4 protein chains.
Amino acid sequence: MADKPIKEKIYEVIFEADTITGKVFDIILLVAIILSVVIVMLDSVDGLVQKYGILFTIIEWILTILFTIEYFLRIYSVKKPLKYIFSFYGIIDLLSILPTYIGLFLAGGHYLMIIRILRLLRVFRVLKLARYVTAARSLGAALSSSKAKIIVFLEVVISVVIILGSIMYLVEGPENGFTSIPVSIYWAIVTITTVGYGDIAPQTVTGQLLASVLMIIGYAIIAVPTGIISSEMIRGSGQKGKTSRICQNCMFEDHDLDAKYCKKCGGKL
Amino acid sequence: MADKPIKEKIYEVIFEADTITGKVFDIILLVAIILSVVIVMLDSVDGLVQKYGILFTIIEWILTILFTIEYFLRIYSVKKPLKYIFSFYGIIDLLSILPTYIGLFLAGGHYLMIIRILRLLRVFRVLKLARYVTAARSLGAALSSSKAKIIVFLEVVISVVIILGSIMYLVEGPENGFTSIPVSIYWAIVTITTVGYGDIAPQTVTGQLLASVLMIIGYAIIAVPTGIISSEMIRGSGQKGKTSRICQNCMFEDHDLDAKYCKKCGGKL
Amino acid sequence: MADKPIKEKIYEVIFEADTITGKVFDIILLVAIILSVVIVMLDSVDGLVQKYGILFTIIEWILTILFTIEYFLRIYSVKKPLKYIFSFYGIIDLLSILPTYIGLFLAGGHYLMIIRILRLLRVFRVLKLARYVTAARSLGAALSSSKAKIIVFLEVVISVVIILGSIMYLVEGPENGFTSIPVSIYWAIVTITTVGYGDIAPQTVTGQLLASVLMIIGYAIIAVPTGIISSEMIRGSGQKGKTSRICQNCMFEDHDLDAKYCKKCGGKL
Amino acid sequence: MADKPIKEKIYEVIFEADTITGKVFDIILLVAIILSVVIVMLDSVDGLVQKYGILFTIIEWILTILFTIEYFLRIYSVKKPLKYIFSFYGIIDLLSILPTYIGLFLAGGHYLMIIRILRLLRVFRVLKLARYVTAARSLGAALSSSKAKIIVFLEVVISVVIILGSIMYLVEGPENGFTSIPVSIYWAIVTITTVGYGDIAPQTVTGQLLASVLMIIGYAIIAVPTGIISSEMIRGSGQKGKTSRICQNCMFEDHDLDAKYCKKCGGKL
């Protein structure tokens, strides 16, 4: 006896969230993930590193070792290890322990540890919030079904910024901060998205005129992706409220999800 | 005679807005609130404090004492004092008189008085504008029913700014103003929301490329919350298209305008 | 003979746009308006004033005198002069000639002449573009029917900027550019609307954290007015595409504008 | 034999994308276009020009000569040369070879070569992605059917920026960066579109108050074009809900999904 039950027990604790031990494990895991992300952030703040630098390094290593153990336990306990290793979560799990080791050889490499934030996606599984999954899925569906329109839209935006950016390079020139066409295109993106840092800004009258045109274009076409997504979502939410049942009496189809009788002829559904 | 009628009279004047005295009281109250908020604002302007500082302090204290009296009269006159004290308005009423007293011990504390602005929410009650309440409620309903989607959306936004902010820290480094990961994340938020102060801006080519990606993401995904709210609102306003007929058989209320038979029990409408 | 016909002729030329002389008059008028607006703009450019200042003044006066004559001819020829004087267009016509005269006594007063731009609204009447009027009306209807929601929305925005602006004053203080509460509120408006000049920007960690919250609020709630207007417009456009005709055969009501036969029973409409 | 078949063969290779040689030609063409656009961009970067300037010029000339040959082959092989020359693609093809030659006489002229980017629109034909064309067409339809409303909207925006820009010139004056009315109008556009460079920013209290108003207007009215486009798109996607049945009587096509009789002639569907 023994080997298989232990494997199964580990599987239950690590992968499932229905048992108490599984839930406790998941919550500890989430806290550890958040802690490690916060440590990475604080590790980059000058004043704090000088004071707590050694403490940060110690915590980083403890957490990384724990995550490494957890990673190998996952591989050990799962039925199809290869499938897990190459799954979305498997890759993220691996990517989130590698940076600390890379940091040994490559200065700054351990900052990549920030990718651990992606492990927080597990939170949805822990909290068992099915409606968040539904929400995410319906958002994804709306985005995916409007993919073609969004690509066309992006192509137009990119063409506009390339062409207007190049013209601005000719109009303003390096002496006004438009040092090259790539920089001018960068400026055009900053402008059309209405971000507007102001590190580069047109100085000549023609330049300001062109910039105004670009701004108004940017201001107006933001309506396009919004319209695309809105209409997809409305269509999506409209389809959800409907059942696909057909009245056997009068063949009327457009019944609500909660309908028990046909609203046209009164026949039972 | 006497005790109860007085209590009731006070109640009528302070809490109700149907009688003339009640209306007059409410309008005086609103003017006093606005006056006290304006005083707090002006009290922070250097030039004015030197000139009118004492006047401001006097008005502040007079208004605070009046609001304190009003607060205790409310407690005295209401039937269930505890329920009022811990109600939404009760807490705001308390919070809006405390700061002046706190200001005696804690410099700057009286600025918290600005919270009095929240008392202006009473204006809706005074103006008896039922449709504003309806409007607020329908906005609230749309927001609340799209809560799950908005949380998913915010999680995505936060993940993007944390990851891209960290990468920017590695790419640009402290010498270009990205002094730490938290600062870089702050920059990423400034960029993805299209605010773009420009106090921190990428200087390297890779940095500007990444910033461009972030801007276009920000520009495009603004469409997502907009789509969410729009579709919720349309669904909400669509429900107004329902008939008010009630099935006499099963008392079900939510019939479509073109329904001829109850969709719950099949009875004729 | 004479007096009345002349009055009528003037009326036809000035007020109507169906006759050839009326159309010519209107087009000349539009050109004159645009010219006078351009002159006012150029009149403020330093380099140009030194060169062409006198020319600008002469054109300004000629146009003003012509507009004054036109104004009095309008009063003379119209049937109910008082009604015209106090109408929307009448007031604009008056306001657009006054500034030049005011400029005689008050330096800079003639810049107010820019209000002449409003006279361009007449262009719609001249071009007889009924569909622009329809478009404007349907936009206006959508805005007006969502008035209550927009006011509630603005109240929330204003409360947020006042409260967060005041807190920022306490957090950042005058040494970081937040010199007073009104200035901090101004900064909060610049931030929540995602304009982000960057002339004032938070320097402390707490300040940047609060600013991030404000930005994300601003980024998210832009969805609210958009949702309001979208849902109103969709409701509005839905109603327009329908006729109010009822099938006399089966009493079905929901016919399209271009329908000639009932789509339920085939009866003629 | 000979002349015509060669002409036809060239036509097949250059204009069509169904044969293998045609596809290969199109892909080489796309790569060449992208290469030439990238070269133009890099050609403007100071550091790179000094190193690779001659290389860039050589590639530019080789590509231009190839494009020129291709252009004349197109004219030669097409059946109606004049129709091609004055078609949309024909003009773009010409415009994209001219700049290099112009650059011989006019410094900087060769930057106009960037217009070659428009040739990338051919990519859709190459990839045979019919659904992108459909997407582009449905976007175009939504934009075109809301043209009147968008023009009215732009007129309002332009009036607001002209009037508020002029007032700001009077309020702030040249000493705060508002050097002339055109510059102030430029600032107003930067502000109302929420770009906010910050190169010009109001300094006086009145100016900041007016700027706040302008920002809130800009923040609120972005909802208007969004609402317009959204409602058009929803209407557009609603039309997809139409059936494809055609009335056998009058050939009318645009029937609703639930229609039983043709709404034009009353014939049964």
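Keep in mind that what you see is a predicted model, and the values were worked out from it rather than measured.

Summed over the entire model, instances satisfying the criterion amount to 20 aromatic pairs over all chains. Aromatic pair Phe178(A) and Trp187(A): ring centres 5.2 Å apart, planes at 70°, arrangement edge-to-face. One exposure class covers both Phe178(A) and Trp187(A), and it is buried. Seen in terms of ring centroids, Tyr71(D) and Tyr84(D) are 6.2 Å apart; in terms of plane orientation they differ by 45°. Their pairing is tilted. You can see Tyr71(D) sitting in helix H3 (residues 46–77) and its partner Tyr84(D) sitting in helix H4 (residues 81–85), a full 13 residues away along the chain. On the basis of relative accessibility, which here comes to 5%, the residue Tyr71(D) falls in the buried class. Residue Tyr84(D) is classed as buried on the basis of its relative accessible area of 6%. Positioned over the ring face of Tyr76(A) is Lys7(A), at 5.8 Å from the centre of the ring.

Looking now at the packing of helix H9 (residues 147–172) of chain B against helix H11 (residues 205–221) of chain B. The packing of two helices is summarised by the inter-axis angle and the distance between the axes. Residue and element names in this part refer to chain B. Axis separation between H9 and H11 bottoms out at 10 Å; the angle between their running directions is 170°. Put simply, H9 runs roughly antiparallel to H11. Across the interface between the two elements, Phe153, Val157, Val160, Leu164, Ile167, Met168, Val171 and Glu172 of H9 pack against Thr206, Gly207, Gln208, Leu210, Leu214 and Ile221 of H11. When its residues are assigned to classes, the contact of H9 with H11 shows ten nonpolar, three polar and one charged.

The two copies are related by a screw motion: chain B maps onto chain D through a turn of 180° and a shift of 0.0 Å along the axis, at an RMSD of 0.1 Å. A rotation of that kind, with that shift, is consistent with a two-fold axis. When the interface residues of chain B are mapped onto chain D, 100% of them again fall at the interface, so both copies present the same face.

For an interface, size is often stated in terms of accessible area lost upon the parts coming together. Each side of the interface is counted separately: chain B has five residues, and chain D has five residues. Summed over both sides, the interface between chain B and chain D buries roughly 200 Å², with carbon and sulfur atoms accounting for 36% of that surface. When residues of chain B are sorted by the area they lose upon contact with chain D, Thr194(B), Thr226(B) and Ile234(B) head the list and together hold 57% of the total. At the boundary of chain B and chain D, one finds zero residue pairs in polar contact (both at pLDDT 80 or more). Class assignment for the residues of the side of chain B that touches chain D results in two nonpolar, three polar and no charged.

All right, on to the packing of H9(B) against helix H10 (residues 181–192) of chain B then. Residues and elements named next belong to chain B. Contact geometry for H9 and H10: axes closest at 8 Å, N-to-C directions at 125°. It follows that H9 is oblique to H10 by the angle criterion. In this structure, H9 crosses over H10, and the sense of that crossing is right-handed. From H9, Val157, Val160, Val161, Ile162, Gly165, Ser166, Met168 and Tyr169 reach across to H10, where they touch Ile181, Ser184, Ile185, Trp187, Ala188, Ile189 and Ile192. The residue makeup of the contact of H9 with H10, split by class, is twelve nonpolar, three polar and no charged.

Turning our eyes to something else, we now look at a nonpolar patch on the surface. All names here are of chain A. Among the surface-exposed residues, Ile6, Ile54, Ile58, Ile62, Ile65, Leu66, Ile69, Leu73 and Tyr76 lie close enough to one another that they form a single nonpolar patch of about 840 Å² accessible area. Per element, the largest residue contribution to the nonpolar patch is eight residues, and it comes from helix H3 (residues 46–77). Among the structural elements, Ile65 can be located in helix H3. Judged by its relative accessible area of 43%, Ile65 is partly exposed.

The rules behind these values
Residues numbered from 1 in each chain as written. Chains lettered and ligands numbered in written order. Predicted model: local features only at pLDDT ≥ 70, side-chain atom pairs only at ≥ 80, totals over all residues. Heavy atoms only, no water. Phe/Tyr/Trp six-rings, centres within 6.5 Å; stacked < 30°, edge-to-face > 60°. Buried < 20%, exposed > 50% of the residue type's maximum accessible area, 1.4 Å probe, protein only. Helix = DSSP H or I, 4+ residues; strand = E, 2+ residues; numbered from the N terminus. Lys NZ or Arg CZ within 6 Å of the ring centre and 35° of its normal. Axes fitted to C-alpha atoms, helices over the stretch in contact; angles between N-to-C directions. Parallel < 35°, antiparallel > 145°, perpendicular 65-115°, else oblique. Contact = heavy atoms within 4.5 Å. Nonpolar A, V, L, I, M, F, W, Y, C, P; charged D, E, K, R; others polar. Least-squares fit on C-alpha atoms with pLDDT ≥ 70 in both. Buried area = accessible area lost by both parts, 1.4 Å probe. Polar contact = N/O pair within 3.5 Å; in protein donor to acceptor, adjacent residues only side chain to side chain. Left-handed = near helix turned anticlockwise from the far one by under 90°. Patch = residues over 30% accessible without salt bridge, like charges linked within 9 Å, V, L, I, M, F, W, Y side chains within 5 Å. Areas by Shrake-Rupley, 256 points an atom, 1.4 Å probe, with all protein chains shown as cover. Salt bridge = Lys/Arg side-chain N within 4 Å of Asp/Glu carboxyl O.

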